[in-house]
Amino acid sequence: MGGNEESVEVEDYNGDSNGNKVKLRFRVRDPSEKVGRTKEMLSKQAVQTKEMLSKQAVKIAKQAEEHESFINKVTHLLGVLGFGGFCFTLGARPQDVRYLYCLFYVIFVPLRWIYYRYKKWHYYLLDFCYYANTIFLIMLLCYPRNEKFFMVCFSFAEGPLSWALIVWRCSLVFNSMDKIVSVFIHLLPGLVFFTIRWWDPVFFGAMHPEGTPRRASWPYVETKSYLWTWLFFVPLAAYSVWQLLYFLIVNVLRRQRLLQDPEVMTSYRELSKKAQKANNAWWRLSGLLGDENRLFMYILLQAMFTVATMALTVPIFLSYELHVTFQILKVSASVWNGGNFLLEVMPRQVNLKEKKRTETQPVEVELEQSAVMK
């Protein structure tokens, strides 16, 4: 008899056919054992599901690499048509731009996870831009009339995300789905909140406290302190929450995983690798406190960047002319970087691929000849 089972005897006073008493014995199983087995079964199913999804992601990514040339042509066609359609919508129906953005995010971010999982880049999806874009989606779909929430999202979109587009030199290259998604993740939110701020009076006209009369102007800013609170201090607090969670996940909970596999990429690893190779200003700045404190310096420099860019959202929020100029600057920077990539970077990448291919071909021929001789 198991340790978690009990034997119970019960007398049946109805008796058998002769009227004699009958003792019935049965076992009662401990309910905690059943709960434990259920938990174990669910955990195994979760692990199996995760492994299955990972295998499918690898399979899809490998198939995409095998047909890279054709996919690039299709991507270029769809990218140009899609960007043209977006520009048309921006001019003809600016109130619908936010729906295009939501559709873009729910389709392409999961696809990016599949591709990045195969490349071992999936920790990029913990970066601030994805954290902010998820908040944008919640605001637009669930709380579209919350003015304070809107101002926090405006600060994220026209602060760190937009300036990252310029500083990190995101390139608008229509034959690269990865680069198109990178640009749009940083560019589209700012355009969405620009249209709401200046071109959609119906939308922001509905943003007023319930039960109070509509006021003549929007945003409903009584004082400058109110503006700084919801465009700077509250967004900065939300950014600090992300930074804390990111540090705990990447540098504490997943630290051993990252140490075991140097091919797994994070933003810090990629920037450090490129900066060290170029020996640029970023590498020198991050090493001011010594090599052992480069991660701390990275966090500090990123925090300074966030503070500065969020502070700039206040004058942008108040000036239509300044906001329009900023939109032109962002689009121009991404197009310029895209042209630089096509004319300078891509030819070098093609030459490197051809060089590797020619180096591997003689080895393959020798192996085939040796196999025939045997």
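First, a word on what this report is: a plain description of the structure on this page. Every chain begins its residue count from 1, and numbering advances along the sequence as written. pLDDT decides what is reported in this predicted model: residues at 70 or higher carry local features, side-chain atom pairs at 80 or more are listed and counted, and totals for whole chains, interfaces and linings draw on all residues regardless. Note that water and hydrogens are dropped before the side-chain values are worked out from all heavy atoms of the structure.

What about helix α4 (residues 128-142)?
Point 1. A helix here means a DSSP run of H or I that spans at least four residues, while a strand means a run of E at least two residues long, and both kinds are numbered starting from the N terminus. Expected helix span is given by 1.5 Å per residue-to-residue step, counting one fewer step than there are residues. Between the first and last C-alpha of α4 there are 21 Å, a value that for 15 residues agrees with the 21 Å anticipated at 1.5 Å per step.
Point 2. Buried, partly exposed and exposed residues are distinguished by accessible area as a fraction of the type maximum, computed with a 1.4 Å probe on protein chains only: under 20%, between the cut-offs, and over 50%, respectively. Along α4, the residues that are buried comprise F128, C129, Y130, A132, N133, I135, F136, L137, M139 and L140.
Point 3. Note on contacts: a residue pair qualifies if any of its non-hydrogen atoms lie within 4.5 Å across the two residues. Tucked inside the fold, the buried residues of α4 contact α3 (97-119), α5 (147-167), α6 (177-199) and α8 (224-253).

With respect to the layout of surface pockets
Point 1. Within this model, the second largest pocket holds a volume of roughly 380 Å³.
Point 2. Grid points spaced at 1 Å and placed over the protein atoms alone form the basis of the search, with a cavity being a set where a 1.4 Å probe fits but cannot get out and a pocket an open set showing protein on both sides within 12 Å along at least five of seven lines. Lining residues have an atom within 4 Å of a point. Considering the residues around the second largest pocket, the lining is formed by 19 residues, among which G82, F83, F104, F108 and F184 are closest to the centre.
Point 3. At the level of secondary structure, the elements contributing two or more residues to the lining of the second largest pocket comprise α2 (68-92), α3 and α6.
Point 4. The dominant element in the lining of the second largest pocket, judged by the number of residues it contributes, is α2, at seven residues. Grid points are joined across faces, edges and corners, and a volume is the space filled by probe spheres set on the points.

Some details on the pattern of salt bridges
Opposite charge on two side chains permits them to pair, given that their charged atoms come into close proximity.
Point 1. When a carboxyl oxygen of Asp or Glu is within 4 Å of a side-chain nitrogen of Lys or Arg, the pair counts as a salt bridge. Across all of its chains, the model carries six salt bridges by this definition.
Point 2. A salt bridge links D178 to R112; the shortest N-O distance between them is 2.7 Å. You can see D178 sitting in helix α6 and its partner R112 sitting in helix α3, a full 66 residues away along the chain.
Point 3. By relative accessible area, which is 24% here, D178 ends up partly exposed.
Point 4. Note that D261 is salt-bridged to K120, the shortest N-O span being 2.8 Å. With a gap of 141 residues between them, D261 in the loop between α9 (255-260) and α10 (267-278) and K120 in the loop between α3 and α4 connect regions that are remote in the sequence.
Point 5. Among the ionic contacts, a cluster of salt bridges with common partners joins K120, R257, D261 and E263.

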